[in-house]
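Residue-level structure breakdown
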2 protein chains.
Amino acid sequence: MPTPHYGQPRYLAIAAELRERIENGIMPPGSLLPAESALAAEFRVARGTIRKAIDVLREDGYAATEHGRGTYATGSSYDHSGNREARQQEVPADARMAALFEVAVGTPLIERETVIRRYQQVESVVRAYRLGTAEA
Amino acid sequence: MPTPHYGQPRYLAIAAELRERIENGIMPPGSLLPAESALAAEFRVARGTIRKAIDVLREDGYAATEHGRGTYATGSSYDHSGNREARQQEVPADARMAALFEVAVGTPLIERETVIRRYQQVESVVRAYRLGTAEA
DNA sequence: AGAAATTTGTCCGTATGTATC
DNA sequence: AGATACATACGGACAAATTTC
């Protein structure tokens, strides 16, 4: 079979499905998601595709992954991987952000803070702000 | 050859190298980076590894990618005429930043703000903080 | 306008490294 | 120590957007 992705890429569709399960309580916050290999089998895709879907969930704050352990459903995430640490939270848009994003002041934004370390020392801290998930 | 990643994963090392080229002006802001295939050849890695490195750059606001076109460097210490997409300024370290960088509160930090647009709309705003001291 | 070349995007299958159980 | 699970990396194939001819 080739690799068609008519309309929406598979990893986005799978991410949407998993997100729904989290919101519907099928996978309540705190619970462990099935292993990537299990999800790959269920959706009949390669494991890499499942990992991309989980990346999306993590970016949107719906899940947090820990090395050898698994991926948890969550509300606000904490992520620790390698030399980079990231944590994510919702913050209200201040005047400048509101102007840039063209939304009302106070609109919730997702702030992701990444701490980049280099030889035990903090090299830089990056804060990225985005609106909540957009698109259909 | 197996796939060892002693110490730092290759994609992070490559991301650091590319980031340095952007900051050092080898790949000035606005310029197009070499194609993924070219970078893969240069670093002697698979294309997927280059893509992961570029993902990191994009997350940190150093690059923006367009389908079919290429990846642009976006990091900047100046602004090009009219609509500036990136600006840089000195700000004093607040309590959290001081703790992370292990310096005194009020120590000057360099804040670089990049506005990432995607098809006319602001997609995200990235603020990167680093110490004002020079480093390699 | 149309075709070809270039470049990024998605997806597969496999192998191996590394952390946790 | 062994099993399980996530992380990194490879190489190949095809899709989709852009540029070039």
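Quick caveat: nothing in here was measured; it's all calculated off a predicted structure. Sequence positions are assigned chain by chain, starting from 1 and proceeding in written order. Each chain is given a letter, starting from A, and each ligand a number, starting from 1, according to the order in which they appear as written. Residue-level local features of this predicted model are given only where pLDDT is at least 70; pairs of side-chain atoms are given and counted only at 80 or more, and the full residue set underlies all totals for whole chains, interfaces and linings. Side-chain descriptors were evaluated using all non-hydrogen atoms of the structure, hydrogens and water having been removed beforehand.

1. Comments concerning unusual backbone geometry
Convention followed: Here a helix means four or more residues in a row that DSSP labels H or I, a strand means two or more in a row labelled E, and each is numbered from the N terminus. Only protein chains enter the accessibility calculation, which uses a 1.4 Å probe. A residue is then buried if its area is under 20% of the maximum for its type, exposed if over 50%, and partly exposed in between.
The phi angle at Arg44 of chain A is positive, at roughly 55 degrees, despite the residue not being glycine. Within the secondary structure, Arg44 of chain A is located in the loop between α2 (36-43) and α3 (47-59). Since its relative accessible area comes to 73%, Arg44 of chain A is described here as exposed. Backbone geometry places Glu102 of chain B, a non-glycine residue, at a positive phi of 60 degrees. When you line up the elements, Glu102 of chain B lands in the loop between α4 (95-101) and β4 (108-118). Judged by relative accessible area, Glu102 of chain B falls into the exposed class, the value being 66%.

2. Structural notes on the side chain of Arg112 of chain A
Note the following rule: Under this rule, positive means Lys or Arg and negative means Asp or Glu; His and the chain ends count for nothing. The term salt bridge refers to a pairing of a side-chain nitrogen on Lys or Arg with a carboxyl oxygen on Asp or Glu at a separation within 4 Å. N or O atoms within 3.5 Å of each other form a polar contact, as long as, within protein, one can give a hydrogen and the other can take it, and as long as residues adjacent in sequence are counted only when both atoms are side-chain atoms. Every residue pair with non-hydrogen atoms within 4.5 Å of one another is taken to be in contact.
Mapping Arg112 of chain A onto the fold places it in strand β5 (residues 108-118). In this structure, Arg112 of chain A is buried with no salt-bridge partner, the nearest side chain bearing the opposite charge being Glu59 of chain B at 4.2 Å. For Arg112 of chain A, the side chain forms a polar contact with the main-chain oxygen of Glu59 of chain B, separated by 3.4 Å. Among all residues touching Arg112 of chain A, those that are not within four sequence positions of it are Ala86, Arg87, Gln88, Val126, Arg127, Ala128 and Arg130 of chain A together with Glu59 of chain B.

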